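Chain by chain, the residues run as shown.
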Amino acid sequence: EPEVTQTPSHQVTQMGQEVILRCVPISNHLYFYWYRQILGQKVEFLVSFYNNEISEKSEIFDDQFSVERPDGSNFTLKIRSTKLEDSAMYFCASSEVGLINQPQHFGDGTRLSIL
Amino acid sequence: AQSVTQPDIHITVSEGASLELRCNYSYGATPYLFWYVQSPGQGLQLLLKYFSGDTLVQGIKGFEAEFKRSQSSLNLRKPSVHWSDAAEYFCAVGAPENRDDKIIFGKGTRLHILP
C-alpha cells in the first residue's frame, strides 16, 4: 500500500536556525497537510495545501512557517528561525481529494528537537 | 467550532479482555468522526470513520465503534485486545459544512496491555 514518507525521522537544530522538514505524499494525492504534536499534547493542525497554495492555516502557522511543493513529489515545511517551543513531532498527511470525508494518510513523523 | 474530548488519558487492560475507549464531540450537527491509532515511533493510522447511516461502524484490526447521537459520542471498542494493540488512540472530528478540511484531534488515550 502506498505510504507518505517523511525525512528525516529526527532533526536536531540550534535555536534561531532554519529547518526544513520533507515529505513525499502519496503520488496521486492532491491535498497535503502538516500537523504537529508537542510531547504529551494533542495533534494540532498547522496548514493545508492544494494547487500550489495554502488552503487554510491555523493560528500556530505564523510568519516563521512556510510550505512549498518544489517539485512533483516533495512537500516541505520550513521554519525560518526556530524557537524552543517548536520542538515537537511534525506529521505530514495527504489525501486524494480535499473533502473531509476522504481519509488523510499520515507519515511516520519527524521529531524536531530545538536546542 | 467543533471540538472533541477523550476523557481517559491512560487505560490499562489485560490481554484478551474487552476494550472501550471513550470519545465525545461538540458540534451543532453530526460531524465526521474518526479514530486514529499511533503506535510507538509511527504515524497516525486511520482505524475507522463515521459520517452517517448505520451507527455501528466496523474498522480495521478488529475495532468497531458505535455512534450515539444522544450522548454525542463515538466510542471505540474491541472484544479481545492483543498485546500489539498497545498504542495511543486519537479521536478526531471534521466539520462537513465547513469548506476547511482540517481535522481536530482529541488529546489521545494511551492504551497499556497487561500480559
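Residues numbered from 1 in each chain as written. Chains lettered and ligands numbered in written order. Predicted model: local features only at pLDDT ≥ 70, side-chain atom pairs only at ≥ 80, totals over all residues. Heavy atoms only, no water.

**Q** Got a minute to help me understand the overall build of chain A in this structure?
**A** Helix and strand counts for chain A come out as zero helices and eleven strands. Reading chain A from its N terminus to its C terminus gives the helix and strand order β-β-β-β-β-β-β-β-β-β-β. For 115 residues, the compact-globule formula gives about 13 Å, and the C-alpha radius of gyration of chain A, at 13 Å, lands near that figure. Taken along the three principal axes of its C-alpha coordinates, chain A extends 35 × 30 × 30 Å. (Helix = DSSP H or I, 4+ residues; strand = E, 2+ residues; numbered from the N terminus. Rg over C-alpha atoms; globule rule 2.2 N^0.38 Å.)

**Q** Would you mind going over the packing of aromatic side chains with me for this structure?
**A** Each pair of aromatic rings is reported with the distance of its centres and the angle of its planes. Within this structure, the stated rule accounts for 19 aromatic pairs over all chains. Ring centres of Tyr-35 of chain A and Phe-105 of chain B lie 5.6 Å apart, and the angle between their planes is 90°; on these two criteria the pair is classed as edge-to-face. Residue Tyr-35 of chain A is located in strand E4 (residues 31-37), and its partner Phe-105 of chain B is located in strand E11 (residues 104-105); the two belong to separate chains. Of the two residues examined, Tyr-35 of chain A and Phe-105 of chain B, each falls in the buried class. Arranged with centres 6.0 Å apart and planes meeting at 80°, the rings of Phe-106 of chain A and Phe-105 of chain B form a pair that is edge-to-face. Separated into two different chains, Phe-106 of chain A in strand E10 (residues 105-106) and Phe-105 of chain B in strand E11 make up a pair that spans both. Phe-105 of chain B carries the same exposure label as Phe-106 of chain A, and that label is buried. Cluster of aromatic residues (ring-pair linked, three or more members): Tyr-33, Tyr-35, Phe-45 and Phe-106 of chain A together with Tyr-32, Phe-34, Tyr-36, Phe-51, Phe-90 and Phe-105 of chain B. (Phe/Tyr/Trp six-rings, centres within 6.5 Å; stacked < 30°, edge-to-face > 60°. Buried < 20%, exposed > 50% of the residue type's maximum accessible area, 1.4 Å probe, protein only.)

**Q** What is the right way to look at the interface of chain A and chain B in this model?
**A** Often, the extent of an interface is quoted as the loss of accessible area on bringing the components together. Each side of the interface is counted separately: chain A has 19 residues, and chain B has 23 residues. Scanning the region where chain A abuts chain B turns up zero salt bridges. At the junction of chain A and chain B, the tally comes to three residue pairs in polar contact (both at pLDDT 80 or more). Residue assignment for the side of chain A that touches chain B shows that the elements contributing at least two residues are E4, strand E5 (43-50) and strand E6 (53-57) of chain A. (Contact = heavy atoms within 4.5 Å. Salt bridge = Lys/Arg side-chain N within 4 Å of Asp/Glu carboxyl O. Polar contact = N/O pair within 3.5 Å; in protein donor to acceptor, adjacent residues only side chain to side chain.)

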